[in-house]
Amino acid sequence: MGRTFTTYRQLDQMDCGPTCLRMIAQHYGKHYSLQTLRESSFITREGVTLKGISEAAVKIGFRTCGARLTFEQLDEEANLPCILHWNQNHFVVLPPQNYDRHKKNSKILIADPAHGLVNVSKETFLRSWLGSSSQGFALLLDPSPAFYEQEEEKKTGRNLTFLYRYLRPYKGYLGQLFTGMFVASLLSLTAPFLTQVLVDYGISQQDIGFIYLILVAQLALFAGSTAIEMIRGWLLLHMSSRVNIAIISDFLIKLMKLPIRFFDTKMVGDITQRISDHSRIEQFLTGTSLNTLFSLVNMLVFSVVLAVYSIPVFLIFIAGSALSVGWISFFLKKRRELDYARFQRRSENQNNLFEIITGMQEIKMNGSETTHRWGWEHTQAKLFKISVSSLSLAQYQHIGFSFFTQLKNILISFLAAREALHGHISLGMMLSISYIIGQLNSPIAQLLSFLQAAQDARISVERLSEIHNREEEEQPHELKPEEALLHLTAPAARGRLNGTYPESGITLENVSFQYGDPGSPMVLDNINLTIPFGKTTAIVGASGSGKTTLMKLLLKFYEPTKGDIHLGDIPLRAVSSQWWRRHCGAVMSDGYIFSNTIAHNISVQDETDQQRLMAAVKIANLDSFVNRLPQGFATKIGNTGRGVSSGQRQRILIARAVYKQPAFLFLDEATSTLDANNEKMIIENLGRFFESRTVLVIAHRLSTVKHADQIIVMDNGRIVEQGDHQTLTALKGKYYHLVKNQLELGN
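Per an unreviewed UniProt entry, the chain is named Peptidase domain-containing ABC transporter, and its organism is Chitinophaga solisilvae. Quoted straight from UniProt, the Subcellular location (unreviewed entry) entry for the chain says "Cell membrane".

J.: Which parts of the structure should I look at to understand empty space enclosed by the protein?
T.: By rolling a water-sized probe across the atoms, one finds the places where empty space is left. Following the criterion strictly, the structure yields four cavities of 30 Å³ or more and no others. Of the pockets and cavities examined, the largest cavity occupies roughly 70 Å³. Along its surface, the largest cavity is lined by Leu553, Lys556, Tyr558, Glu559, Pro560, Asp564, Ile565, Pro571, Leu572 and Arg573. The class makeup of the residues in the lining of the largest cavity is six nonpolar, no polar and four charged.

J.: Even after reading the chapter, I still don't get the pairing of strand β4 (residues 108-112), so can you show me in this structure?
T.: Counting buried residues in β4 gives five out of five residues, a clear majority hidden from the surface. Burial of the side chains of β4 extends over both faces: Ile108, Ile110 and Asp112 are buried on one face and Leu109 and Ala111 on the other. Both β4 and strand β5 (residues 116-120) contribute to a ladder of five bridges, which runs antiparallel. Bridging across to β5, Ile110 finds its partner in Val118. With antiparallel pairing between neighbouring strands as the criterion, β4 and β5 make up a hairpin whose turn holds three residues.

J.: So what exactly am I meant to see when it comes to unusual backbone geometry here?
T.: Apart from glycine, the bulk of residues carry a negative phi angle, and the bulk of peptide bonds sit in the trans form. Look at the link from Leu80 to Pro81: it is a cis peptide, with omega at 5°. Looking at the element boundaries, Pro81 is found in the loop between α4 (71-76) and β2 (82-86).

J.: How should I be thinking about the packing of aromatic side chains in this particular structure?
T.: For any pair of aromatic rings, the description rests on two quantities: the centre-to-centre distance and the angle between the ring planes. Inspection of the entire model under this criterion finds 14 aromatic pairs. With a centroid separation of 5.1 Å and an interplanar angle of 85°, the aromatic rings of Phe147 and Tyr148 are classed as edge-to-face. Tyr148 sits in the partly exposed class, given a relative accessible area of 46%. Ring plane angle 35° and centroid distance 5.5 Å describe the contact between Phe513 and Tyr558, whose orientation is recorded as tilted. Here Tyr558 lies in the loop between α18 (547-554) and β10 (562-567) and Phe513 lies in strand β7 (residues 505-513), a separation of 45 residues in the sequence. The pair formed by Phe513 and Tyr558 is uniform in burial state, with each residue classed as buried. We note Arg68 situated over the ring of Phe137; from NZ or CZ to the ring centre the distance is 4.7 Å. Above the plane of the ring of Phe689 lies Arg693, whose end atom (NZ or CZ) is 4.0 Å from the centre.

J.: Honestly, the nonpolar core in this entry has me stumped. Any pointers?
T.: A general trend in soluble globular proteins is that nonpolar side chains are found buried together. Core analysis: the biggest nonpolar cluster contains 44 residues, and Ile602, Leu622, Ile654, Leu667 and Leu686 have the highest contact counts within it. Here this core gets seven residues from one element, more than from any other, and that element is helix α23 (residues 646-659). In terms of nonpolar packing, the next biggest core, distinct from the first, is built from 31 residues, Val511, Leu529, Leu550 and Met714 among them.

J.: Sorry if this is basic, but what is going on with the sheet that holds strand β15 (residues 664-668) here?
T.: Sheet strands line up and pair through hydrogen bonds in the backbone, either parallel or antiparallel. Spatially, six strands are ordered β12-β15-β16-β9-β17-β18 in an open sheet, and the strand pairing comes out mixed. Both edges of this open sheet fall to β12 (584-587) and β18 (718-723), since each of them pairs with a single strand only. Each strand of the sheet is rotated relative to its neighbour by a mean of 15°, with strand direction disregarded. Across five bridges, the pairing between strand β17 (residues 710-715) and β18 is antiparallel. Bridge pairing in β18 places Ile711 opposite Gly723. Contacting β12 and β15, α23 crosses the sheet at an angle of about 175° to β12. Contacts from helix α24 (residues 676-690) reach β9 (536-541), β15 and β16 (694-698), with the element oriented near 155° to β15.

J.: Can you walk me through the pattern of salt bridges in this structure?
T.: Oppositely charged side chains can pair when the atoms bearing their charge come close. The final tally for this structure, using the stated rule, is six salt bridges. The closest approach of N and O atoms between Arg718 and Asp525, which form a salt bridge, is 2.8 Å. Of the two residues, Arg718 is situated in strand β18 and Asp525 in strand β8 (residues 524-532); the sequence distance between them amounts to 193 residues. Asp525 gets classed as partly exposed once you look at its relative accessible area, which sits at 22%. Across the pair Lys734 and Asp715 runs a salt bridge, and its minimum N-O distance is 3.7 Å. Of this pair, Lys734 sits in helix α26 (residues 734-743) while Asp715 sits in strand β17; the two residues are 19 residues apart in sequence, bridging distant segments of the chain. Within this structure, Glu559, Asp564 and Arg573 form a network of salt bridges that share partners.

J.: I'm lost on the sheet that holds β7 in this one. Help?
T.: Judged by pairing direction, the sheet is antiparallel, and its four strands sit side by side in the order β8-β7-β10-β11 without closing on themselves. Sheet topology places β8 and β11 (570-571) at the edges, where each strand pairs with a single neighbour. Bridge count between β7 and β10: five bridges; the pairing is antiparallel. Across the sheet, Ser512 pairs through a bridge with Lys562, a residue of β10. Sheet strands touched by α18: β7, β8 and β10. Its angle to β7, the strand with the most contacts, is close to 120°.

J.: Any chance you could explain the packing of α23 against α24 here in plain terms?
T.: When two helices pack together, their arrangement is given by the angle between the helix axes and the distance between those axes. Between α23 and α24, the least distance of the axes is 13 Å, while the angle of their chain directions is 5°. Judged by the inter-axis angle, α23 sits roughly parallel to α24. Touching Arg651, Ile654 and Val658 of α23 are Asn678, Ile682, Leu686 and Phe689, all from α24. Looking at the contact of α23 with α24 residue by residue, the class counts come to five nonpolar, one polar and one charged.

J.: Hey, could you run me through the side chain of Ser603 in this one?
T.: Looking at the secondary structure, you find Ser603 in helix α20 (residues 598-603). On the accessibility criterion, Ser603 (5% relative accessible area) is buried. Reaching out from Ser603, the side chain makes a polar contact with the side chain of Thr608 at a distance of 3.0 Å.

J.: Could you clarify how one ought to interpret the side chain of Ser576 in this entry?
T.: Note on placement: Ser576 falls in the loop between β11 and α19 (577-582). Residue classification places Ser576 among the buried positions, given a relative accessible area of 0%. A polar contact is formed between the side chain of Ser576 and the backbone nitrogen of Gln578, at a distance of 3.5 Å. With near-sequence residues (within four places) excluded, Ser576 lies in contact with Glu474, Glu478, Leu479 and Lys480.

About the thresholds
Residues numbered from 1 in each chain as written. Predicted model: local features only at pLDDT ≥ 70, side-chain atom pairs only at ≥ 80, totals over all residues. Heavy atoms only, no water. UniProt positions renumbered as here; feature names shortened; annotations may be inferred. 1 Å grid on protein atoms, 1.4 Å probe; cavity = no way out; pocket = protein on both sides within 12 Å on 5 of 7 lines; lining within 4 Å. Points joined across faces, edges and corners; volume = space filled by probe spheres on them. Nonpolar A, V, L, I, M, F, W, Y, C, P; charged D, E, K, R; others polar. Buried < 20%, exposed > 50% of the residue type's maximum accessible area, 1.4 Å probe, protein only. Helix = DSSP H or I, 4+ residues; strand = E, 2+ residues; numbered from the N terminus. Pairing = 2+ DSSP bridges. Phe/Tyr/Trp six-rings, centres within 6.5 Å; stacked < 30°, edge-to-face > 60°. Lys NZ or Arg CZ within 6 Å of the ring centre and 35° of its normal. Core = buried A, V, L, I, M, F, W, Y, C linked by side-chain atoms within 4.5 Å. Axes fitted to C-alpha atoms, helices over the stretch in contact; angles between N-to-C directions. Contact = heavy atoms within 4.5 Å. Salt bridge = Lys/Arg side-chain N within 4 Å of Asp/Glu carboxyl O. Parallel < 35°, antiparallel > 145°, perpendicular 65-115°, else oblique. Polar contact = N/O pair within 3.5 Å; in protein donor to acceptor, adjacent residues only side chain to side chain.

In structure tokens, the structure reads:
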């Protein structure tokens, strides 16, 4: 198998490339977090390219070479470990090998981020790496001196101990549980002695009164144990419910603090699966751990009693239990592999279902029902295969555990009977031993369940840590220039913006931006622009010219790749994102409608200011539509706007932006789906609303930007023209050709 090779597992579907690089860096003695390598390889929802992995490797000090190789070249010339493109949609590591191609059944070792270390036949290897070609893609890596000179990252992963902070608020409940546990153990301890004296004294002496006394004592013990169990169950239910809410709430709080770019690279299924992981953590914390602790206390008590009764019986019990635990532990690694695979398949399944449900209109429109159903069924087949493997593994574990448990019970029964026959123990003691063994089998099973639950929880914590360890969008040192904003946007200041006042507006200086790696095209290229305070700036241009991206940079969804943006004389990157967006209203072309009432969709708050609501609805020309509804503003509309037309949906988004009463307003195709009459009325209303506000308008319908104070014309990420409507029309350039047909300017 070659030298020991450390493997890591991919946490999401698209993580295979960065995870492979992480394994190779660890092989050469350096630890890097998966998140660092993700960012360096410019990961997207589709994963990474071999080029992206190469650039990340170079960044941490590797020399790289991407090549198409034959199997013979890979075997004889390649420096291992290296990264292989696998099955046309995956990356794996080829670690150092003991493979002998002259030996018929020699296996090839693969480090697969999805499955761990796997030995495959040469035929399987060639089919997965080469496909139908004679050569396969490989990324060869060799550490340079710079690799060893760089300081590795500190390991920041969380383990299970951090979860117990969620139990700290319930110290009182835990104290009651431990007290109940102690009392229940004492009650359980008396049970075998009652059985012994019942047989050795009550039956042998034929004392019916004593037998009645023992009966009453057993009933009292049963009642006490039942009461303790009921109280314990109630306390666990109370704690588990609150702990579960706390864990998920913390996760959602963290999720909402992450930057927009994080969600650009995550599939919906990957995030929802992490939320599902919380149930396993909660069960481990409040159920499995405490139940196991209770069982271990009982096991300790009964083991002492068993040892007092008979040392040989005790030793057989220990040996049989060790075999049972060892058998279950033997399969934990395979169980972990199946759990990772199940996570990936379930995530893929949720993504498929989400697409089918939300895209049903397009599916029906294009007659692709069968195609999408087959895609879902293909995912189900993969999930079924994993479920069958999991069931088989569980059966192997159960059969082995049952075998060793029953064998242990049979041997103990035989030994106890022989001890009683030889007079070493009484008949009552033999029956007590049978009772104790029955009580001890349950804690052993509970301990094994705990091992499995701990493994599940550890896997879930690893996935959740990947979210909790991410850097938040909001940083403590960021500015919240409230007074400066009021000063800059005050009427007196705006009156001097075109004069000597230095803070003239929002300025972009040599701003460039690209979504992908450094080799990807620039979406914005060297933009220099001033958006005056208190004025309306319009941006026009063909689709794909960078207009929406520019708006997203101004809203701090992304940071510029190059250049700077200033709010007056304050760098926008130094301003708090939450504070800035609180003062901004925006209508995005892909704005979201929530599954809630119309009033909530406009205010997006629990409490709605009726005066502001009515003003916003009037400006958006939505009042006549709302008045026709039986429930008015309380009318609930469906997720993503089902139940309203595209024009009504757009007017709700306009009303939402107006409701905020923002100092800055950003409109991206805000009236693109409206009819001419509604558009004209809303534009007139917005014109009055624009007064005293800084406005940026993106539009294809150029009639909506005709009266803007300045118009910016963009093409292929660059500003090609700038001026007002009359100036740009007179130039007869790009703007003139854009508006000629719409405004019938003639030749």
